[in-house]
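The residues making up each chain are set out below.
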Amino acid sequence: EYAYIQEERVRFLSTPDETATLYIDLAIIYAEKLHNIENAFRSYRLAYQSQPNNAEILQAWYDLATKENNLSELITVVEYKTKLTPSFDLWMELGTLYKKSENWDNAILAYQRAWELEPTKWSAGDAIIEIYRQEKNYIALYPILAQKSLLNIPAKQKIEILNKQIDDFKYENKRDQE
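An account of the accompanying structure is given in this report.

So, on to the packing of aromatic side chains. Under the counting rule described, the total for this entry stands at four aromatic pairs. Residues Tyr48 and Trp61 carry aromatic rings whose centres are separated by 6.3 Å and whose planes lie at 55° to one another, so their mutual orientation is tilted. Within this pair, whereas Tyr48 is found in helix 3 (residues 37-50), its partner Trp61 is found in helix 4 (residues 55-67), the two being separated by 13 residues in sequence. For Tyr48, a relative accessible area of 11% corresponds to the buried category. Given the relative accessible area of 0%, Trp61 is considered buried. Measuring from ring centre to ring centre gives 4.7 Å for Trp115 and Trp122, while their planes differ by 70°; the resulting arrangement is edge-to-face. A single burial state applies to Trp115 and to Trp122, both of which are buried.

Structure follows, in structure tokens:
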């Protein structure tokens with residue numbers, strides 16, 4: 001009954017702060033008292049719409065999605081978080097979430113975005129390599145492997161490595177065609 005009253009109050013509020021606060025209260029009530037997780041997520045979405053720059057709303061929503069192990073909600077929240085405060089770690093997390101949902105294209109895009117922010121952190125490149133290997137996309141994989149193998153080594157070794165990678169690529173490609 002209290003949740004219903006709170007929802008009715010939202011209709012008469014004028015400021016985004018008041019609206020967001022009420023929706024957050026509703027989310028807590030739905031989650032903790034009524035065990036209605038879907039309405040809790042709905043309330044967090046509405047609170048976020050009222051105040052899209054409020055990191056606390058996103059964190060509370062994220063915490064509930066994590067607690068409930070709700071992959072879809074986690075993806076949505078982390079997408080919003082990357083818009084609010086883009087960082088290497090958030091983009092990596094988003095890539096991992098997309099990977100768990102088997103959304104390979106978006107996972108690669110998220111890892112690429114992380115890598116753009118921190119080009120010296122190879123964990124993003126390694127994540128992309130893993131996906132390309134899994135998908136047997138050797139054409140996309142080769143340039144990344146070549147780039148990785150050429151870091152901080154003498155020129156003569158670089159040539160040897162590239163020649164080996166070309167041979168490996170030919171072998172893998174031939175094997176896949178058979």
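In a packed pair of helices, the relevant descriptors are the angle between the two axes and the axis-to-axis distance. Direction vectors running N to C along helix 6 (residues 88-100) and helix 7 (residues 104-117) enclose 165°, while the axes themselves pass 8 Å from each other. It follows that helix 6 is roughly antiparallel to helix 7 by the angle criterion. Crossing handedness for the pair helix 6 and helix 7: left-handed. Judged by residue contacts, Phe88, Trp91, Met92, Leu94, Gly95, Thr96, Tyr98 and Lys99 of helix 6 engage Trp104, Asn106, Ala107, Ala110, Tyr111, Arg113, Ala114 and Leu117 from helix 7. A class-by-class count of the residues in the contact of helix 6 with helix 7 yields 11 nonpolar, three polar and two charged.

Here we come to the pattern of salt bridges. Applying the stated criterion across every chain yields a total of three salt bridges. The residue Glu130 makes a salt bridge to Lys99 at a minimum N-O spacing of 2.8 Å. Pair noted here: Glu130 is in helix 8 (residues 122-135) and Lys99 is in helix 6, with a separation of 31 residues, a long-range link. Overall, Glu130 belongs to the partly exposed group, its relative accessible area being 41%. Put simply, Glu116 and Arg113 hold a salt bridge, and the shortest N to O gap is 3.4 Å. Here Arg113 and Glu116 lie together in helix 7, a separation of three residues that amounts to about one turn.

Conventions and cut-offs
Per chain, residues are indexed from 1 in the order of the written sequence. pLDDT decides what is reported in this predicted model: residues at 70 or higher carry local features, side-chain atom pairs at 80 or more are listed and counted, and totals for whole chains, interfaces and linings draw on all residues regardless. Calculated side-chain values reflect all of the structure's heavy atoms, with hydrogen atoms and water omitted. Each pair of aromatic rings taken from Phe, Tyr and Trp, with Trp reduced to its six-membered ring, is defined by centres within 6.5 Å and is described as stacked if the planes are under 30 degrees apart, edge-to-face if over 60, and tilted in the remaining cases. Comment: elements are numbered from the N terminus, with helices defined as DSSP H or I runs of at least four residues and strands as E runs of at least two. Burial classes follow relative accessibility: with a 1.4 Å probe on protein chains only, a residue under 20% of its type's maximum area counts as buried, one over 50% as exposed, and anything between as partly exposed. Only the contacting stretch of a helix is used when fitting its axis, a line to C-alpha atoms as for every element, and angles between N-to-C directions run 0 to 180 degrees. Angular relationships are summarised with four words: roughly parallel below 35 degrees, roughly antiparallel beyond 145, roughly perpendicular across 65 to 115, and oblique for the angles in between. Crossing handedness is defined as follows: a turn of the near helix away from the far one that is anticlockwise and smaller than a right angle gives a left-handed crossing, while the clockwise case is right-handed. Residue contacts follow a heavy-atom distance rule, with two residues in contact if any of their heavy atoms lie within 4.5 Å. Nonpolar residues are Ala, Val, Leu, Ile, Met, Phe, Trp, Tyr, Cys and Pro. Charged residues are Asp, Glu, Lys and Arg, and all others, Gly as well, are polar. We define a salt bridge as a side-chain nitrogen of Lys or Arg found within 4 Å of a carboxyl oxygen belonging to Asp or Glu.

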